[in-house]
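Observations on chain architecture
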Amino acid sequence: MKKINMTSKVKLAKFWGALTAIAIVAIAFFALKQISSRSSSFDNLSFANPSGGLGALAQSPGTVGVMNETKLYQHHSGFTFQYPATFSVTAFSDDGEGEVVLVQNTERTVGFQIFSLPFDEKGPLTQERIQKDVPNISMTDVVPISISGNDSGITFISNDGATPNREVWFIYKGYLYQILTPIGTQKLLERVLQTWRF
């Protein structure tokens, strides 16, 4: 049994803490700047399910609401997803066995990260299984989730840092995927997960 890599999770948590601080400053700046004009390419975004449940949205294979222009990201391991054309994607190793894919719009200070690493257990991944290796992790609003027809994951809200985060963890073909975004960006993550394919 492979232990879940918490060193990388701690590094990523510190990174997101810094990004959150930058986001607060940027949000204040942009809020003042956009009081007179609301012309953002994301103002028209909508969801098929207005109740906002991530589990239900990620399970539905439907379209992504309205993302004006998108790009397709193709990872070397075979998964793909669509993301807003105004965002950039960077992939890098985390100095261990894992890899980080960072999807962000630096001007708007929004985004999410995908951390993946080899994992020698089959799903489904459960809250109990995660807390076995990460006993101090804060997990609320825990819901089983299906990504691209794969029923081996969960989504939850974590509050281990300065701000709450939406996390999605799942296992697929020998890899554990941990997706993290600040709670204020979870709607974007919902849309992106609707386009995720293996």
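Check the entry above for the structure.
So, here's what we can say about the structure.

So, how was this worked out
Residues numbered from 1 in each chain as written. Predicted model: local features only at pLDDT ≥ 70, side-chain atom pairs only at ≥ 80, totals over all residues. Heavy atoms only, no water. Helix = DSSP H or I, 4+ residues; strand = E, 2+ residues; numbered from the N terminus. Polar contact = N/O pair within 3.5 Å; in protein donor to acceptor, adjacent residues only side chain to side chain. Core = buried A, V, L, I, M, F, W, Y, C linked by side-chain atoms within 4.5 Å. Buried < 20%, exposed > 50% of the residue type's maximum accessible area, 1.4 Å probe, protein only. Contact = heavy atoms within 4.5 Å. Phe/Tyr/Trp six-rings, centres within 6.5 Å; stacked < 30°, edge-to-face > 60°.

This brings us to the side chain of Glu 99. The topology assignment puts Glu 99 in strand E4 (residues 99-105). Within the structure, the side chain of Glu 99 is placed 3.0 Å from the side chain of His 75, a separation counted as a polar contact.

A few words now on the nonpolar core. Membership of the largest hydrophobic core comes to 20 residues, with the highest contact counts inside it found for Phe 81, Phe 112, Ile 114, Val 168, Ile 179 and Trp 196. For this core, the secondary structure elements donating two or more residues are strand E2 (80-84), E4, strand E5 (110-118), strand E6 (140-147), strand E8 (165-172), strand E9 (175-182) and helix H4 (186-194). Contacts of Ile 114, omitting those with residues within four sequence positions, involve Phe 81, Glu 99, Val 100, Val 101, Tyr 177, Gln 178, Ile 179 and Trp 196. Counting 14 residues, the second-largest nonpolar core is a separate cluster that includes Val 100, Phe 115, Phe 119 and Leu 125.

This part is about the environment of Phe 115. Secondary-structure assignment places Phe 115 in strand E5. Look at Phe 115 and you get buried, because its relative accessible area is 1%. With 61 residues separating them along the chain, Phe 115 and Leu 176 place their C-alpha atoms 8.1 Å apart.

With the rule as written, the count across this model stands at 17 aromatic pairs. Relative to Trp 196, the ring of Tyr 177 lies with its centre 6.1 Å away and its plane at 85°, an arrangement referred to as edge-to-face. Linking Tyr 177 in strand E9 with Trp 196 in the segment after H4, this pair joins segments that are 19 residues apart in sequence. Residue Tyr 177 is classed as buried on the basis of its relative accessible area, which comes to 3%. The class for Trp 196 is buried, based on a relative accessible area of 1%. Ring centres of Trp 196 and Phe 198 lie 6.0 Å apart, and the angle between their planes is 65°; this geometry places the pair in the edge-to-face category. Taken together, the ring pairs connect Tyr 73, Phe 79, Phe 81, Tyr 83, Phe 112, Phe 170, Tyr 172, Tyr 175, Tyr 177, Trp 196 and Phe 198 into an aromatic cluster.

Don't take any of this as a statement about function, it's just geometry.
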